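Examination of the molecular architecture
The residues making up each chain are set out below.
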Amino acid sequence: MQQHFLQFSLFTPIFLLISLLHPPTISAINITSILSNFSDLSGFNRLLTTTSVARELAGRSSVTLLAVPDRYLYQSETAARSASVDIADVLRYHILLQYLSPTDLHTIPASGKLITTLYQTTGRATANFGSLNLTSTDGKLMLKSPAPFSPSNTTILSLITTVPYNISIFTVDSLLLPYGFDLTASGYVHPPVSAMNITRILIEARGFNVAASMLEASGVATELQGDERGAGITAFVPTDEAFAGLPATERLQSLPAERKAAVLRFHVLHSYYPLGSLESIVNPVQPTLATEDTEAGRFTLNITRVNGSVAIDTGVVQACITRTVFDQNPVSIFAVSKVLLPREMFGKARGEGVVAAVAPTAGNGAGAVGLPPQVAETPPTRISSPPGMKGEIVSIAGTKTSGNGWMIWCIGILLSLLV
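This write-up is about the structure you can find in this document. Here the structure is a predicted model, which means the values were calculated and not measured.

The geometry of helix α8 (residues 198–205) relative to helix α9 (residues 209–218) is characterised by a closest axis approach of 9 Å and an angle of 165° between their N-to-C directions. The angle between the axes of α8 and α9 places the two elements in the roughly antiparallel class. When the axes of α8 and α9 are compared, the crossing they make is left-handed. Facing α8, whose interface residues are T199, L202 and I203, α9 presents A212, L215 and E216. The residue makeup of the contact of α8 with α9, split by class, is four nonpolar, one polar and one charged.

What follows concerns the layout of surface pockets. By volume, the second largest pocket amounts to about 250 Å³. Forming the walls of the second largest pocket are R71, Y72, K140, T155, L157, D173, T324, V325, F326, D327 and Q328. Per-element tally for the lining of the second largest pocket: the top contributor is strand β13 (residues 318–328), with five residues. Here the residues of the lining of the second largest pocket are counted per class, giving four nonpolar, three polar and four charged.

Reading across the sheet, the seven strands line up as β9-β8-β14-β13-β12-β11-β10 and stay open at both edges, with mixed pairing between neighbours. With partners counted over all chains shown, the strands left at the sheet margins are β9 (268–269) and β10 (285–287), one partner each. Sheet topology note: the strand β8 (residues 233–238)/strand β14 (residues 331–336) ladder contains six bridges and is parallel. Note that in β14 the partner of I233 across the bridge is V331.

Attention now goes to the nonpolar core. Ranked by size, the top nonpolar core spans 55 residues in total, and within it F236, L252, L278, I321 and I333 carry the most contacts. A per-element tally of this core places β14 first, with five residues. Residue contacts for L252: discarding those within four places in its chain leaves M214, F243, L246, K260, V263, V339, L341 and F346. Counting 44 residues, the second-largest nonpolar core is a separate cluster that includes V53, L65, L118 and I169.

Moving on: unusual backbone geometry. Keep in mind that most residues, glycine aside, have a negative phi and that most peptide bonds are trans. If you check the backbone angles, A127 has positive phi at about 50° while not being a glycine. Positionally, A127 belongs in the loop between β3 (113–116) and β4 (131–137). Classification of A127 by relative accessible area gives exposed; the value is 58%. Look at R206: it is not a glycine, yet its phi comes out positive at around 70°. Relative to the elements of secondary structure, R206 occurs in the loop between α8 and α9.

The rules we used
Throughout this description, residue numbers start from 1 for each chain and increase along the sequence as written. Reporting in this predicted model follows two pLDDT cut-offs: at least 70 for local features of residues, and 80 or more for side-chain atom pairs to be given and counted; totals over whole chains, interfaces and linings ignore these cut-offs and use all residues. Computation of side-chain values: all heavy atoms of the structure, hydrogens and water removed. The angle between two axes is taken between their N-to-C directions and runs from 0 to 180 degrees, where each axis is a line fitted to C-alpha atoms and a helix contributes only its stretch in contact. A run of H or I in DSSP counts as a helix once it spans at least four residues, and a run of E counts as a strand once it spans at least two, with each numbered from the N terminus. If an angle is under 35 degrees, it is roughly parallel; if it is over 145, roughly antiparallel; if it lies from 65 to 115, roughly perpendicular; otherwise it is oblique. By the definition used in this description, the sense in which the near helix is turned from the far one sets the handedness, with an anticlockwise turn below a right angle giving left-handed and a clockwise turn giving right-handed. Contact between two residues is taken to exist if any of their heavy atoms lie within 4.5 Å; hydrogens are not considered. The nonpolar class holds Ala, Val, Leu, Ile, Met, Phe, Trp, Tyr, Cys and Pro. Asp, Glu, Lys and Arg form the charged class, and all remaining residues, Gly among them, are polar. Cavity: a set of points on a 1 Å grid over the protein atoms alone where a 1.4 Å probe fits but cannot get out. Pocket: an open set with protein on both sides within 12 Å along at least five of seven lines, its lining residues, like those of a cavity, having an atom within 4 Å of a point. Grid points are joined across faces, edges and corners, and a volume is the space filled by probe spheres set on the points. Paired strands are those between which DSSP finds at least two bridges. In this text, buried Ala, Val, Leu, Ile, Met, Phe, Trp, Tyr and Cys residues form a nonpolar core when linked through side-chain atoms within 4.5 Å. Think of it in three bands: residues with accessible area under 20% of the maximum for their type are buried, residues over 50% are exposed, and the middle band is partly exposed, with areas taken using a 1.4 Å probe on protein chains only.

Laid out in structure tokens, this is it:
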């Protein structure tokens, strides 16, 4: 008995050494089989199996896979293929060469963490742009290229499965493109916004009933859906609570149709910006769709970063982005905490002395956005007589007086009687 125990004790270090030199790989785990249990990952699973990436995964351990559900995948995949982008390299960019557990994700430092991807190992990535920067913003875990101002980013949605220290699979809300993968370089044109029903997206997201009804009734929703100029749109949509919090003096529903439409256009940028791009935007002063109807420098939004959130300043109110409602190139929709009131229309009510109408631009004709010109108020030529006094009082000098003039006249009569 002691001899067997001694033999086991002698061989134990050898077994441990062998296990360290040859760690278990994920070849025993069939990743495509795991993904096949999730119907909304069928497209991503198809891409893995039709490229060499699934075979490359079989020989690796300690990895994290970022899987894209079908509802986020289809349009991005079509765009990538249209631009002749290497789909296999795009998939390699979704494989982090590090095991990340759910606990690990919640211990990410504020400065973020740079993680190498399988694409970085191909030698085709510039500098360290084959890596991804994992950050935590407002409780959301985001991954984006370390390249400055890169538009590609994604948000982690949920955990699919994890085998400790071997593999984790998370779903993300968009297909990531490595730096330098330009979808417009090969003549790819974004599909028109008309393919997306903006009001339907807002209704399904819930909490945007007021905005959806106003966009539909004003015709602005149709304008957005008919926009085919390729740049895309970014819409900042106030929640129902934001509309309910408007001061009683600012009733948007009672505005004339064209002024109401101008306010709605003021909430939209004529460019596609995902959240990551807004966080690192170069020029904070951004023109809106309302700017296009007037002149440069008017109806602009000042977009900055305040206390870790994206802040939007109109000159009258400052709102912040509370969540991403929709983000699928070329359309991004963000919920904002307040209704964005343009200073050109609401600044005067706040004591800023701003003209309350939109000045027409040359060539556009008067009232380019349907706002009536401001009419300067002139003081009244006469003051009304006090209640009970009929007509106007004539002073001793023969001029008409009003207001308190009748009291002076009465006092004069009284003094003459006393004399």
